[in-house]
Amino acid sequence: MITKEFLDEIVKWQRAEGKRRSVDIHIEEGIEAHGFRIWFYDYDLQFGSHCDDHIPDLGALVKEGERKEYEKLKAKFDKEEGDE
């Protein structure tokens with residue numbers, strides 16, 4: 001259930017000074033247990049995430065994804081250098 005307090009937090013997050021953010025709330029039958037789905041998007045990060053019970057830390061999620069990609073590429077190129 002989306003509470004008024006959570007909606008207030010979402011609006012505050014979306015309207016943060018100097019940020020370009022978007023929030024979409026979809027309310028439908030059959031979407032998970034709550035009947036709603038919330039999409040948070042940050043235009044500066046060019047990244048978004050669904051989350052129904054809290055505002056995700058998109059910056060941390062981007063960093064985590066970049067770290068995984070870095071480790072994957074590092075392993076690939078280390079392997080290629082070892083094959084030479």
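Residues numbered from 1 in each chain as written. Predicted model: local features only at pLDDT ≥ 70, side-chain atom pairs only at ≥ 80, totals over all residues. Heavy atoms only, no water.

### Overview of a nonpolar patch on the surface
The cut-off we apply is this: Like charges within 9 Å and nonpolar side chains (Val, Leu, Ile, Met, Phe, Trp, Tyr) within 5 Å are joined into patches, using only residues over 30% in relative accessible area that form no salt bridge. Using a 1.4 Å probe, the Shrake-Rupley method yields the accessible areas, and only the shown protein chains count as cover for residues. Note on definitions: salt bridges are taken to be side-chain nitrogens of Lys or Arg within 4 Å of carboxyl oxygens of Asp or Glu. Helix and strand definitions follow DSSP, with helices as H or I runs of at least four residues and strands as E runs of at least two, each counted in order from the N terminus. Throughout this description, buried means an accessible area under 20% of the type-specific maximum (1.4 Å probe, protein chains only), exposed means over 50%, and partly exposed covers the range between.
Residues Leu7, Ile25 and Ile27 make up a contiguous nonpolar surface patch of about 280 Å² in total accessible area. Mapping Ile27 onto the fold places it in strand S1 (residues 21–27). Residue classification places Ile27 among the exposed residues on the basis of a relative accessible area of 70%.

### Thoughts on the nonpolar core
Inside soluble globular proteins, nonpolar side chains tend to come together where they are buried. Our working rule: Take the buried residues of types Ala, Val, Leu, Ile, Met, Phe, Trp, Tyr and Cys, join any two whose side-chain atoms come within 4.5 Å, and each joined set is a nonpolar core.
Phe6, Ile10, Trp13, Phe36, Ile38, Phe40, Cys51 and Leu58 together form the largest nonpolar core, which totals 8 residues. Elements with a contribution of two residues or more to this core: helix H1 (4–14) and strand S2 (36–42).

### Considerations on the sheet that holds strand S3 (residues 47–50)
For clarity, the cut-off: DSSP calls a pair of strands paired once it identifies at least 2 bridges connecting them. What counts as an axis is a line fitted to C-alpha atoms, over the stretch in contact for a helix, and the angles between N-to-C directions run from 0 to 180 degrees. Residues count as neighbours in contact if any of their non-hydrogen atoms are within 4.5 Å of one another.
Pairing is antiparallel across the open sheet formed by 3 strands, whose spatial order is S1-S2-S3. Of all the strands in the sheet, the pair left with one neighbour each is S1 and S3. Each adjacent strand pair in this sheet contributes to an overall mean axis angle of 15°, direction not counted. Where S1 and S2 come together, 7 bridges link them in antiparallel fashion. Across the sheet, residue Val23 finds its bridge partner in S2, namely Phe40. On the sheet, H1 packs against S1 and S2 and is oriented at approximately 150° with respect to S1.

### Digging into the pairing of S3
Residues in a regular strand point their side chains to alternate faces of the sheet. Inspection of the sheet shows S2 paired to S3 by 4 bridges, in the antiparallel sense. Along S3, the bridge assignment pairs Asp42 with Phe47. In sequence, S2 turns back onto S3 through a hairpin of 4 residues, with Gln46 there showing a positive phi of about 55°.

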